[in-house]
Amino acid sequence: MHSSDATGVRRILVLGGTGEARELAARLGDDAGVHVISSLAGRVRDPKLPAGEVRVGGFGGADGLAAWLGEHRIDAVVDATHPFAHVITANAVRACELAGTPLLVLRRPAWEAEPGWRLVGSLDEAAAALPGLGERIFLTTGRQGVGRFAHLDLRFLLRAVDPPEPPLPPHLTTLLARGPFAFDDEVALLREHRIDVLVTKNSGGPMTRAKLDAARELGVAVVVVQRPPEPRVPATTVEEALERLRHAG
């Protein structure tokens, strides 16, 4: 991984607004030999910004990203996007192939399925599973997929960072909040809204794990949307990424 910067500084593009992406950007930024550019999709109105240079918005698909990598003399790309951001990941894989740029994929481990979880492959499958499971649904799959549940005459509590856009379920309460969430608070929330079913994506990580523990504590049914297939690039951790990026020659 040679540097194309005349100053000898390696230029690293970090994709994603996850906690792991912010941690990596902050720790790489402490190294005088590395310049980090973090790219956010722009889907969250008031995102937590990472340290260092930040760009917001898309690249125009894989071809656009490949051109951008060459124009900005990027030495390596780290895909630290959400595990369900499969389009961005696919574009990153293709763009790095086109540009000849090394790619690392940073993924938090998925949650291990527990007895009683209903595992589904998509939001549509999650919606189809709900009738008969309960009347009050705690929906934590993000604001962009709420329309998949709009046809259901159930009572939904949606928790998201930003408000959702139509179409929406007829009985919807929206709670705007950003994690991490504590176990006791999650138990109280489930009790207050008399939740029967929790619907979530298998995002992994500790920041939003407490809702699953609270559901188990209260006997709430759990529907989990499984992750899309991983890219054909081995996943790594923050520590492994730091080691490889700092010491690559």
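To be clear, the structure that these remarks concern was listed above.
Residues numbered from 1 in each chain as written. Predicted model: local features only at pLDDT ≥ 70, side-chain atom pairs only at ≥ 80, totals over all residues. Heavy atoms only, no water.

1. Observations concerning the sheet that holds strand E1 (residues 10-15)
Worth spelling out the cut-off: Only strands joined by at least two bridges in the DSSP assignment are considered to pair. Helix numbering and strand numbering both begin at the N terminus, where a helix is a DSSP run of H or I of at least 4 residues and a strand a DSSP run of E of at least 2. Only heavy atoms matter for contacts: two residues are in contact if any of them lie within 4.5 Å across the pair. In this analysis an axis means a line fitted to C-alpha atoms, helices contributing only their contacting stretch, and an angle means the value between N-to-C directions, from 0 to 180 degrees.
Taking strand neighbours across the sheet as the criterion, the 6 strands line up as E3-E2-E1-E4-E5-E12 in an open arrangement whose pairing is parallel. Strands with a single pairing partner mark the edges of an open sheet, and in this sheet they are strand E3 (53-56) and strand E12 (235-236). Two strands pair when backbone bridges link them, and strand E5 (residues 103-106) and E12 are joined in this way by 2 bridges, in the parallel orientation. When the bridges of E12 are listed, Leu106 appears paired with Thr236. Relative to strand E2 (residues 34-40), helix H1 (residues 19-29) is tilted by about 160°, and along the sheet it contacts E1, E2, strand E4 (76-79) and E5.

2. Things to note about helix H3 (residues 86-99)
Along an α-helix, a turn takes 3.6 residues, which lines up residues three or four apart on a common side. Keep this limit in mind: The span one expects for a helix is its residue count, reduced by one, times 1.5 Å. Accessible area is worked out with a 1.4 Å probe on protein chains only. A residue is then buried under 20% of its type maximum, exposed over 50%, and partly exposed in between.
Spanning 14 residues, H3 covers 20 Å between terminal C-alpha atoms, matching the ideal 20 Å at 1.5 Å per step. Buried residues of H3: Thr89, Ala92, Val93, Ala95 and Cys96, and no others. Tucked inside the fold, the buried residues of H3 contact E1, helix H2 (61-71), E4 and E5. Residue Gly100 follows H3 closely and has a positive phi angle near 70°.

3. Description of the packing of aromatic side chains
What counts here: Only rings of Phe, Tyr and Trp enter the pairing, Trp through its six-membered ring, and a pair is recorded when the two centres are within 6.5 Å. The plane angle decides the type: under 30 degrees is stacked, over 60 is edge-to-face, the rest tilted. For a ring to carry a charge above it, either NZ of a lysine or CZ of an arginine must fall within 6 Å of the ring centroid while also lying within 35 degrees of the normal to the ring plane.
Applying the stated criterion across every chain, the model contains 2 aromatic pairs. Plain terms: the ring middles of Phe59 and Trp68 are 5.3 Å apart, the flat faces sit at 75° to each other, and that makes the pair edge-to-face. The residue whose ring lies beneath Arg55 is Phe59, and the NZ or CZ to ring-centre distance is 3.9 Å. Across the ring face of Phe181, the terminal group of Arg159 is positioned such that the distance to the ring centre comes to 3.6 Å.

Shape is all these values report; function is a separate question.
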